Amino acid sequence: MSPILVALDYPDSAAALALADRLDPSQCRLKVGKELFTCAGPAVLEALHKRGFEVFLDLKFHDIPNTASKAVKAAAELGVWMVNVHASGGRRMMEACRGVLEQRTGPNPLLIAVTVLTSMERSDLAEIGLDLDPLDQVRRLAQLTHDSGLDGVVCSAQEVSLLREQLGSAFSLVTPGIRPLDSDKGDQRRIVTPPQAMAMGSSYLVIGRPITQAPDPARALQAIIDSLA
Ligand SMILES: O=C(O)c1cc(=O)[nH]c(=O)n1[C@@H]1O[C@H](COP(=O)(O)O)[C@@H](O)[C@H]1O
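Residues numbered from 1 in each chain as written. Predicted model: local features only at pLDDT ≥ 70, side-chain atom pairs only at ≥ 80, totals over all residues. Heavy atoms only, no water.

The name given to the chain in an unreviewed UniProt entry is Orotidine 5'-phosphate decarboxylase, with Aestuariirhabdus litorea as the source organism. The heading Pathway (unreviewed entry) in the UniProt record of the chain holds the text "Pyrimidine metabolism; UMP biosynthesis via de novo pathway; UMP from orotate: step 2/2." (UniProt positions renumbered as here; feature names shortened; annotations may be inferred.)

Laid out in structure tokens, this is it:
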């Protein structure tokens, strides 16, 4: 199994399943985010599970502890492999989310927290009142996530080597903002190529448009996997 999580950012389940049918569940996992889940709901997860894929449900819960933790529990009951929250929801929110999973019997998803979105750079942080380098905020939120007992964080691969030193090898580092050299940056800002991201210590690479918008997505995925060898 490769470390690649393909982001199924599609407006309906037909388009998402058409792509899934061109991919091999032994080669990648799939990510279902806000757009697809809002239009297609839990049925699309069931359809992907039936095809043998493990799914990262990326809804980035960010709410009061009671609400966020109940949403995490509902996600766990859908049988997903990974689920996420925003670390900026704070320690009590993250501990409550971990707590509901500990109370369940049966398999639990990996629970990870988004630090600073990979679409943000220093000037974006300044506008929301955080006058600091994204790296410093990522390190702070990753430490808080770790201390709250979660399994890992979402960050840019640009931050991965320092986080590995800070938090050790067992902590999952999930990195979007991945761009092969020949692909468009789009709205992403803190980007890294797939081989660099792996070399720096990413656990998983989240890749959307460089695969889904390619003329032949299965080939684009294979080329990225080959580039990691
Ligand atoms: O949590 C995420 O997956 C995520 C966090 C983040 O900081 N940046 C980020 O791009 N993502 C997601 O990763 C995917 C990246 O897609 P592409 O930019 O098309 O490769 C999208 O589905 C985003 O929602």
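Once you've had a look at it, read on.
S.K.: Sorry if this is basic, but what is going on with the sheet that holds strand 3 (residues 55-61) here?
M.R.: Taken in spatial order, the eight strands of this closed barrel run 1-2-3-4-5-6-7-8, and their pairing is parallel. Averaged over all neighbouring strand pairs, the angle between strand axes comes to 25°, with direction disregarded. Sheet analysis places strand 5 (residues 110-114) next to strand 6 (residues 152-154), joined by three bridges and oriented parallel. Following the sheet pairing, valine 114 is matched in strand 6 by valine 154. (Pairing = 2+ DSSP bridges. Helix = DSSP H or I, 4+ residues; strand = E, 2+ residues; numbered from the N terminus. Axes fitted to C-alpha atoms, helices over the stretch in contact; angles between N-to-C directions.)

S.K.: Please clarify how the site of the ligand should be interpreted in this entry.
M.R.: By nearness alone, 18 residues border the ligand, and Asp9, Lys31, Thr118, Arg179 and Arg209 come closest of all. Between the ligand and the protein, one listed contact pairs an oxygen atom with a side-chain N or O atom of lysine 60 at 3.2 Å. Between an oxygen atom of the ligand and a main-chain N or O atom of glycine 208, the distance comes to 2.8 Å. Protein chains bury 90% of the 500 Å² of accessible surface belonging to the ligand in isolation. When contributions to the shell around the ligand are tallied by element, the ones reaching two or more residues are strand 3, strand 8 (204-207) and helix 10 (209-212). When grouped by side-chain class, the residues that make up the shell around the ligand number eight nonpolar, four polar and six charged. (Near = heavy atom within 4 Å. Polar contact = N/O pair within 3.5 Å; in protein donor to acceptor, adjacent residues only side chain to side chain. Areas by Shrake-Rupley, 256 points an atom, 1.4 Å probe, with all protein chains shown as cover. Nonpolar A, V, L, I, M, F, W, Y, C, P; charged D, E, K, R; others polar.)

S.K.: Help me understand the UniProt feature "active site" (unreviewed entry) in the chain, please; the structure alone is not making it clear to me.
M.R.: Residues given the UniProt feature "active site" (unreviewed entry) here are Asp58, Lys60 and Asp63. In this fold, aspartate 58 is placed in strand 3. Ignoring sequence-local partners within four residues, the contact set of aspartate 58 consists of Lys31, Val32, Gly33, Lys34 and Asn84. Positionally, aspartate 63 belongs in the loop between strand 3 and helix 4 (65-77). On the accessibility criterion, aspartate 63 (40% relative accessible area) is partly exposed. Not counting residues within four places of it along the chain, the set of residues in contact with aspartate 63 comprises Ala68 and Met93. (Contact = heavy atoms within 4.5 Å. Buried < 20%, exposed > 50% of the residue type's maximum accessible area, 1.4 Å probe, protein only.)

S.K.: Explain the state of the cysteines here, please?
M.R.: The term disulfide refers to a covalent linkage connecting the sulfur atoms of a pair of cysteines. In total, this model carries zero disulfides according to the counting rule given. Of all cysteine sulfurs, the one in cysteine 39 lies closest to cysteine 28, which takes part in no disulfide; the gap is 20 Å. (Disulfide = S-S within 2.5 Å.)

S.K.: Can you walk me through the packing of helix 1 (residues 13-20) against helix 3 (residues 42-50) in this structure?
M.R.: A pair of packed helices is characterised by two quantities: the angle between their axes and the separation of those axes. Two numbers describe how helix 1 lies on helix 3: the axes approach to 11 Å, and their chain directions differ by 15°. One finds that helix 1 runs roughly parallel with respect to helix 3. With respect to the hand of their crossing, helix 1 and helix 3 are arranged in right-handed fashion. Here helix 1 contributes Ser13, Leu17 and Ala20 to the contact with helix 3, which in turn contributes Val44, Ala47 and Leu48. Per-class residue counts for the contact of helix 1 with helix 3 are five nonpolar, one polar and no charged. (Parallel < 35°, antiparallel > 145°, perpendicular 65-115°, else oblique. Left-handed = near helix turned anticlockwise from the far one by under 90°.)

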